[in-house]
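Structure at a glance
This is what each chain is made of:
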Amino acid sequence: MFDPEVELGDVLWRTLDVANGDGAHLSSILAQMPKLRIVEIFRAYLLARTELVDRLFVTVRHGGASEDALDDFADSIVSMGRRAYIATYRGDEPVPPKSAWRMMTGLIHVFGDVFFDNFGEDIYDYLED
């Protein structure tokens, strides 16, 4: 069984905690990192998002949330950092109503943007191994 405290590692959460939900700040942090470190953090981010979507699929899906909406919501929760993520994942915090989701923003796009700008490559190409 997935345990976010163990399987996601500290590098993801330290990076997101320093970025504090700010895409420009995350971009500047990632821009200073080597290629494979960015890939490592991106993998953890994707895993966190995927596991949260899977966890919430049954409880939120019946409310009419599409898979894309769940992905976007999970992205925004991951971007809030360890505390918010674990509270939501474990069910300690209620899932906000869908009407509030539009106001929430995630940071997953920042990884691809920084990776392409710095290395001229698609970060997803590094996930195929």
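Everything numeric here is computed off the predicted structure, so don't read it as measured data. (Residues numbered from 1 in each chain as written. Predicted model: local features only at pLDDT ≥ 70, side-chain atom pairs only at ≥ 80, totals over all residues. Heavy atoms only, no water.)

1. A short note on the packing of helix α3 (residues 23-31) against helix α8 (residues 108-119)
When two helices pack together, their arrangement is given by the angle between their axes and by how far apart the axes lie. For the pair α3 and α8, the least separation of the axes is 10 Å and the interaxial angle reads 40 degrees. As the angle between them shows, α3 and α8 are arranged oblique. Remark: the crossing between α3 and α8 carries right-handed chirality. Only V110, F111, V114 and N118 of α8 make contact with α3, whose side of the interface consists of G23, L26, S27, L30 and A31. Within the contact of α3 with α8, the residues separate by chemical class into six nonpolar, three polar and no charged. (Axes fitted to C-alpha atoms, helices over the stretch in contact; angles between N-to-C directions. Helix = DSSP H or I, 4+ residues; strand = E, 2+ residues; numbered from the N terminus. Parallel < 35°, antiparallel > 145°, perpendicular 65-115°, else oblique. Left-handed = near helix turned anticlockwise from the far one by under 90°. Contact = heavy atoms within 4.5 Å. Nonpolar A, V, L, I, M, F, W, Y, C, P; charged D, E, K, R; others polar.)

2. Overview of unusual backbone geometry
Of note, N20 is a non-glycine position whose phi angle comes to about 55 degrees, a positive value. Locating N20 in the fold gives a position in the loop between α2 (9-19) and α3. A relative accessible area of 66% places N20 in the exposed class. (Buried < 20%, exposed > 50% of the residue type's maximum accessible area, 1.4 Å probe, protein only.)

3. Let's talk about the pattern of salt bridges
Inspection of the entire model under this criterion finds five salt bridges. The salt bridge involving R90 is made with D3; its shortest N-O contact spans 3.4 Å. Here R90, found in helix α6 (residues 82-90), pairs with D3, found in the segment before α1 (4-7); they are 87 residues apart in sequence, far enough to count as distant. As a salt-bridge pair, R37 and E40 come within 3.6 Å of each other at their nearest N and O atoms. In this pair, R37 and E40 both sit in helix α4 (residues 35-61), three residues apart, roughly one turn of the helix. A single salt-bridge network, built from bridges that share partners, covers D3, E5 and R90. (Salt bridge = Lys/Arg side-chain N within 4 Å of Asp/Glu carboxyl O.)

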